[in-house]
Amino acid sequence: MRRSPPSAGLVPAASTYRHARPLAGRAAAFAAGLALAASAGLVPVSAHAHERDVAEAAALINTIRAKLDACGHEGMLGDAGMQRVAHKTHPGPNRPPVAFNPRLATIAAGHARAMAEQNFFDHVDPQGKTVGARATEGGYRWKVVGENLAAGQDSIGEAVRGWLLSTSHCKNLVDDRFTEFGLAKAHSTDPLDPYGVYWVLVMGKPQITDIASR
């Protein structure tokens, strides 16, 4: 079974999202819960995307950003549409490429692992945190941040094709405000899990002060 969520999880700028930070007590309770699960002998779910997945995601997303005129164009979706985008010869829109950011990958990994371990599939986790809150908690000082989720796909290529079929997810892929991305993949250990594998793509643009300090 394959599924992509109806909303791509794009959230507003940090200045309008400042009061949505999670409470320290909630974070501590969540960490305590993970520690309890570990002491009970449960094997934690790995959520690190393979280097090949990251490289393929970067190539696919940046090709889409460079050559896809707009989301929802007829003939631009699916395997055949991906081929046409890849071989398009006329100049495309002037969108900046996105670069891999390890911190965003860690933030994505936390959410992928949570979905795989806690049996949910949503941009809002059981603690009520959105991607903006998770990014802030993970130490990413963002100007804008967004998230794409997918479940059940065997490869990142399949996940990206699914996102192209969804207007909101496609718009995240081509949003020219984004400059960085992180990717994670987590496998569920539950044999009854209908999806088995979860993908999380977090895209963001850091605040100017963070860019200047790098």
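Here the structure is a predicted model, which is why all the values come from computation and not from measurement.

Enquirer: Explain the overall build of the chain here, please?
Expert: Counting its secondary structure elements, the chain contains eight helices and four strands. Reading the secondary structure of the chain in the N-to-C direction produces α-α-α-β-α-α-β-α-α-β-β-α. Taking all 214 residues of the chain together, 44% fall into the buried category. A sequence separation of at least 24 residues applies to 78% of the contacts in the chain between residues at least 6 apart. Total accessible area on the chain is roughly 10900 Å²; 57% of this is exposed by carbon and sulfur atoms.

Enquirer: Even after reading the chapter, I still don't get the environment of tryptophan 142, so can you show me in this structure?
Expert: Tracing the chain through its elements places tryptophan 142 in strand β2 (residues 142–151). For tryptophan 142, a relative accessible area of 2% gives the class buried. Tryptophan 142 sits 65 residues away from glutamine 207 along the chain, and the two C-alpha atoms are 5.2 Å apart. From its side chain, tryptophan 142 meets the backbone oxygen of glycine 132 in a polar contact 3.3 Å long.

Enquirer: Looking at this structure, how should I read the packing of aromatic side chains?
Expert: To describe a pair of aromatic rings, you give the distance between the ring centres and the angle between the ring planes. Under the counting rule described, the total for this entry stands at four aromatic pairs. Ring centres 5.8 Å apart and planes at 70° place the aromatic pair phenylalanine 100 and phenylalanine 181 in the edge-to-face group. Remark: phenylalanine 181 occurs in strand β3 (residues 180–187) and phenylalanine 100 occurs in strand β1 (residues 99–100); sequence separation between them is 81 residues. Residue phenylalanine 100 is classed as partly exposed on the basis of its relative accessible area, which comes to 39%. Residue phenylalanine 181 is classed as buried on the basis of its relative accessible area of 0%. Measuring from centroid to centroid gives 5.7 Å for phenylalanine 121 and tyrosine 195, while their planes differ by 45°, and the two rings are tilted. You can see phenylalanine 121 sitting in the loop between α4 (102–118) and α5 (131–137) and its partner tyrosine 195 sitting in the loop between β3 and β4 (197–206), a full 74 residues away along the chain.

Enquirer: Whenever I open this one, unusual backbone geometry confuses me. Can you help?
Expert: When glycine is set aside, most residues are seen to have a negative phi, and most peptide bonds are trans. For asparagine 119, which is not glycine, the phi torsion reads 60° and is therefore positive. Along the chain, asparagine 119 falls in the loop between α4 and α5. Judged by relative accessible area, asparagine 119 falls into the exposed class, the value being 54%.

Enquirer: Honestly, the sheet that holds β4 in this entry has me stumped. Any pointers?
Expert: Strand pairing in a sheet relies on backbone hydrogen bonds, with the paired strands running either antiparallel or parallel. In spatial order, the strands read β1-β3-β4-β2; together these four strands make up an open sheet with mixed pairing. Each edge of the open sheet is held by one strand with a lone partner, namely β1 and β2. Looking at chain direction, β3 and β4 are connected through eight bridges and run antiparallel. What sits directly across from alanine 184, in β4, is valine 200. Across the face of the sheet, helix α2 (residues 51–67) comes into contact with β1, β3 and β4 while running at roughly 135° to β3.

Enquirer: I tried to follow the state of the cysteines on my own but got confused; where do I start?
Expert: Here a disulfide denotes one covalent bond, and it connects the sulfur atoms of two cysteines. Going through the model one piece at a time under the given rule, you end up with one disulfide. With its sulfur 2.1 Å from that of its partner, cysteine 71 forms a disulfide with cysteine 170. Taking the torsion about the S-S bond as the criterion, the cysteine 71 to cysteine 170 disulfide, at about -90°, is left-handed. You can see cysteine 71 sitting in the loop between α2 and α3 (78–86) and its partner cysteine 170 sitting in helix α7 (residues 167–174), a full 99 residues away along the chain.

Enquirer: Can you help me understand the nonpolar core in this one?
Expert: Buried together is how nonpolar side chains tend to be arranged in soluble globular proteins. Core analysis: the largest hydrophobic core is formed by 26 residues, its most contacted members being Ile156, Trp163, Leu173, Phe181, Leu183, Leu201 and Met203. Looking at this core, the elements that each hand over two or more residues are α2, β2, α6 (156–164), α7, β3 and β4. Among the elements that make up this core, the one with the highest residue count is α2 (six residues).

Conventions adopted
- Residues numbered from 1 in each chain as written.
- Predicted model: local features only at pLDDT ≥ 70, side-chain atom pairs only at ≥ 80, totals over all residues.
- Heavy atoms only, no water.
- Helix = DSSP H or I, 4+ residues; strand = E, 2+ residues; numbered from the N terminus.
- Buried < 20%, exposed > 50% of the residue type's maximum accessible area, 1.4 Å probe, protein only.
- Contact = heavy atoms within 4.5 Å.
- Areas by Shrake-Rupley, 256 points an atom, 1.4 Å probe, with all protein chains shown as cover.
- Polar contact = N/O pair within 3.5 Å; in protein donor to acceptor, adjacent residues only side chain to side chain.
- Phe/Tyr/Trp six-rings, centres within 6.5 Å; stacked < 30°, edge-to-face > 60°.
- Pairing = 2+ DSSP bridges.
- Axes fitted to C-alpha atoms, helices over the stretch in contact; angles between N-to-C directions.
- Disulfide = S-S within 2.5 Å.
- Core = buried A, V, L, I, M, F, W, Y, C linked by side-chain atoms within 4.5 Å.

No statement about biological role is implied by the geometric values presented.
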